[in-house]
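Reading the structure
Read off the chains here:
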Amino acid sequence: MSLTEKTLTQVRDLLRNGETSSVALTEAILSRIEAVDSDVKAYVRTTADLALEQARAADARIAAGESGPLLGVPVGIKDLICSDGVETTAGSKILEGFKPPYNAFVTEKLKEAGAVIVGMTNTDEFGMGSSTEYSAYQTTSNPWDLTRVPGGSSGGSAAAVSGNMAYGSLGTDTGGSVRTPASFCNLVGIRPTYGRVSRWGVIAYASSLDQIGAFGKTVQDAAAMLGVVAGHDPRDSTSLQHPVPDYEASLTGDIKGLKIGVPKQYFVDGMNAEVEAAVRASLDVMANLGAEIHEIDLNMAEYALATYYLIATSEASSNLARYDGVRYGPRGTGKDVTETTMRTRAKFGSEVKSRIMLGTFALSSGYYDAYYGKALKARTLIIRDFEKAFEKVDVIATPTSPNTAFKIGDNTTDPLAMYLTDIYTVSLNLSAGCGLSVPCGFDSNNLPIGLQLMGNTLQEETILNAAYAYEQATDWHTKRPSL
Ligand code: GLN
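This text gives an overview of the structure that appears in the document.

With respect to the packing of helix α1 (residues 8-16) against helix α7 (residues 219-229)
Helices that pack against each other are described as a pair by the angle of their axes relative to one another and the distance between those axes. Where α1 meets α7, the axes come as close as 8 Å, and the angle between the chain directions of the two elements is 70 degrees. Classified by the interaxial angle, the pair formed by α1 and α7 is roughly perpendicular. Across the interface between the two elements, L8, T9 and R12 from α1 touch Q220, D221, A224 and M225 from α7.

Looking at the pairing of strand β6 (residues 212-216)
The buried fraction of β6 amounts to five of the five residues, a majority that puts the element mostly inside the structure. As paired elements, strand β4 (residues 168-172) and β6 share five bridges and run antiparallel to each other. Along β6, the bridge assignment pairs G168 with G216. Of the pairings in the sheet, the one linking strand β5 (residues 188-191) to β6 comprises three bridges and is antiparallel in character. Each residue of the ladder has a partner; that of I190, found in β6, is A214.

Examining the packing of helix α9 (residues 301-319) against helix α11 (residues 350-363)
Interaxial distance between α9 and α11 falls to 7 Å at its minimum, and their mutual angle equals 100 degrees. Looking at the two axes, α9 sits roughly perpendicular to α11. Contact residues: Y309, L310, T313, S314 and S317 in α9; R355, I356, L358, G359, T360, A362 and L363 in α11. Here the contact of α9 with α11 is composed, by residue class, of six nonpolar, five polar and one charged.

Topic: the pattern of salt bridges
Scanning the model with the defined rule gives 18 salt bridges in all. Among the ionic pairs, R235 bridges to D233, the shortest N-O distance being 3.0 Å. On the basis of relative accessibility, which here comes to 37%, the residue R235 falls in the partly exposed class. For D233, a relative accessible area of 3% corresponds to the buried category. Note that R355 and E351 form a salt bridge whose closest N and O atoms lie 2.7 Å from each other. Of this pair, R355 and E351 are both found in helix α11, four residues apart, which corresponds to roughly one turn of the helix. Each member of the pair, R355 together with E351, is buried. One connected set of salt bridges, linked through shared partners, spans R45, D79 and E87.

Some details on the side chain of T4
Along the chain, T4 turns up in the segment before α1. Overall, T4 belongs to the buried group, its relative accessible area being 8%.

Observations concerning the nonpolar core
In this structure, V106, L110, F126, L170, I396 and L453 are the most contacted members of the largest nonpolar core, which totals 142 residues. In terms of residues, this core owes the most to one element, α9, which gives nine residues. The contacts of F126, once residues within four sequence positions are left out, are L80, A90, S92, I94, L95, I203, A204, Y205, L320, Y323, F348 and V352.

Observations concerning the site of the ligand
Contacts to the ligand come from 15 residues, most closely from T174, G175, S177, Y205 and Y308. A distance of 2.9 Å separates an oxygen atom of the ligand from a polar atom in the backbone of G129. In this structure, D422 approaches the ligand through a side-chain N or O atom, which is 2.8 Å from a nitrogen atom. Its residues assigned to classes, the shell around the ligand shows four nonpolar, eight polar and three charged.

Some details on the packing of aromatic side chains
Considering all chains together, one arrives at 17 aromatic pairs under this definition. Taken together, a centroid distance of 4.8 Å and an interplanar angle of 90 degrees make the contact between Y308 and Y309 edge-to-face. Comparing Y308 with Y309 shows no difference in burial state: the two are buried. Taken together, a centroid distance of 6.2 Å and an interplanar angle of 55 degrees make the contact between F442 and W476 tilted. One end of the pair, F442, is in strand β10 (residues 434-442); the other, W476, is in the segment after α15 (460-473), with 34 residues separating them in the sequence. Judged by its relative accessible area of 27%, W476 falls in the partly exposed class.

Quick look at helix α8 (residues 273-288)
With 16 residues, α8 extends 23 Å between its outermost C-alpha atoms, agreeing within 8% with the 22 Å of an ideal straight helix rising 1.5 Å per residue. Listing the buried residues of α8 in full gives V275, A278, V279, S282, L283 and M286. In a view along the axis of α8, the buried residues occupy a sector of 140 degrees, so they form one face of it. Of the residues in α8, the exposed ones pointing more than 90 degrees away from the buried face are A273, D284 and N288. Looking at the buried side of α8, the elements it contacts are β7 (259-263), β8 (292-296), β9 (395-399), β10, β11 (448-455) and α15. Immediately downstream of α8, the backbone of G290 shows phi near 105 degrees, a positive value.

Cut-offs and rules
Residues numbered from 1 in each chain as written. Predicted model: local features only at pLDDT ≥ 70, side-chain atom pairs only at ≥ 80, totals over all residues. Heavy atoms only, no water. Axes fitted to C-alpha atoms, helices over the stretch in contact; angles between N-to-C directions. Helix = DSSP H or I, 4+ residues; strand = E, 2+ residues; numbered from the N terminus. Parallel < 35°, antiparallel > 145°, perpendicular 65-115°, else oblique. Contact = heavy atoms within 4.5 Å. Buried < 20%, exposed > 50% of the residue type's maximum accessible area, 1.4 Å probe, protein only. Pairing = 2+ DSSP bridges. Nonpolar A, V, L, I, M, F, W, Y, C, P; charged D, E, K, R; others polar. Salt bridge = Lys/Arg side-chain N within 4 Å of Asp/Glu carboxyl O. Core = buried A, V, L, I, M, F, W, Y, C linked by side-chain atoms within 4.5 Å. Near = heavy atom within 4 Å. Polar contact = N/O pair within 3.5 Å; in protein donor to acceptor, adjacent residues only side chain to side chain. Phe/Tyr/Trp six-rings, centres within 6.5 Å; stacked < 30°, edge-to-face > 60°. Expected span 1.5 Å × (residues − 1). Arc of directions from axis to C-beta.

Limitation: the analysis is restricted to geometry and does not speak to function.
As structure tokens, this is what we get:
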């Protein structure tokens, strides 16, 4: 196995034993990017010089006897996460050339931990999409099949890890943007509880739904990433005070007596048969490990997608009003304020524009009660569904996505088809729990399938351990694309 194919945990051991250096790892990752990223297009920009500088600093810390979960390990971050002095564009032309004057909380945490940030990964513009095709810069390919999408919107972060161009990465998950790409690229992707990770310095999409998440090739890798970036931050008023557990230590692999709920409403006629078979088989594996499988109801499931797309677009229309050409990014100068604003906002891509219009409409007086107000009521009922379910079970298991990775271009002309990708992921964001996707098989085209495990608020340890037990009993996570 080549150095870049190894897992984060494996290279961390090599670093600790002095069998490799952070500089050697970083050089290997940078050459891998050089070799394959012109095909994959996972990174919108790499920061090789900064990365090598960070690697040298990490090697000095290791030489001085320090060790840490990410010390010296090359990682990628989504192009929505601010890095001091490094162009951060949210996949949008409206932020082209924007160099934030400060680090996001998570960037700060990665740097303190001595991780090496190799670059910014591609994203759908402002995180709005399920395939990474709505980036204004490039379309990312799935390392398992370059004619297919990696999922989105954190598709660049997933393709970077899956394509062996980073050992771990950060994404954001507003409606599934970490879990879907993880499932399409055979990775573990965790979306922690709302408020678990500070969003200070992360470009906002829909503030009541946005949360940062982590990718890894294995459960332990994802747990290591999450452990470093989680924690309280007074600069994000939604950030939780609850102390951060040692996620890696919670991976015992013992799930005897764990109650797993399987919602009837998530297995409907017409769903992809290969996805259903893989997910059902994974439940058998967990039952053999001693978990109890219970059928449960999430009665509001059919309303989740409509509720999500009303709330997300409404919040986006408010958040994106700040891009007026005055404070951030390039200005489309005109003869007066109106023309300047119009020329600047013409830089938004068409998906973003249509969402701003949809959200503005849903919030407008006269339609507020019928759309945004109704969506808030539906959200409350979805939250109650989850609360009731978690009175009976510890974990909810579903497919992550109804399908495997689709062909580039297949869904770009049909927004509804694109939105349907998120049917199993958005409910979690509307409620307040945590969720992850773990590899659970391949379809007949050799494309990865993901199992979604959802937990109650702050139950990251429970879902990580359930995923770990399953992972240790199977070998899906050991498969790498032939790229
Ligand atoms: N695909 C969903 C959307 O377009 C989710 C995106 C995300 O989680 N950032 O809104």
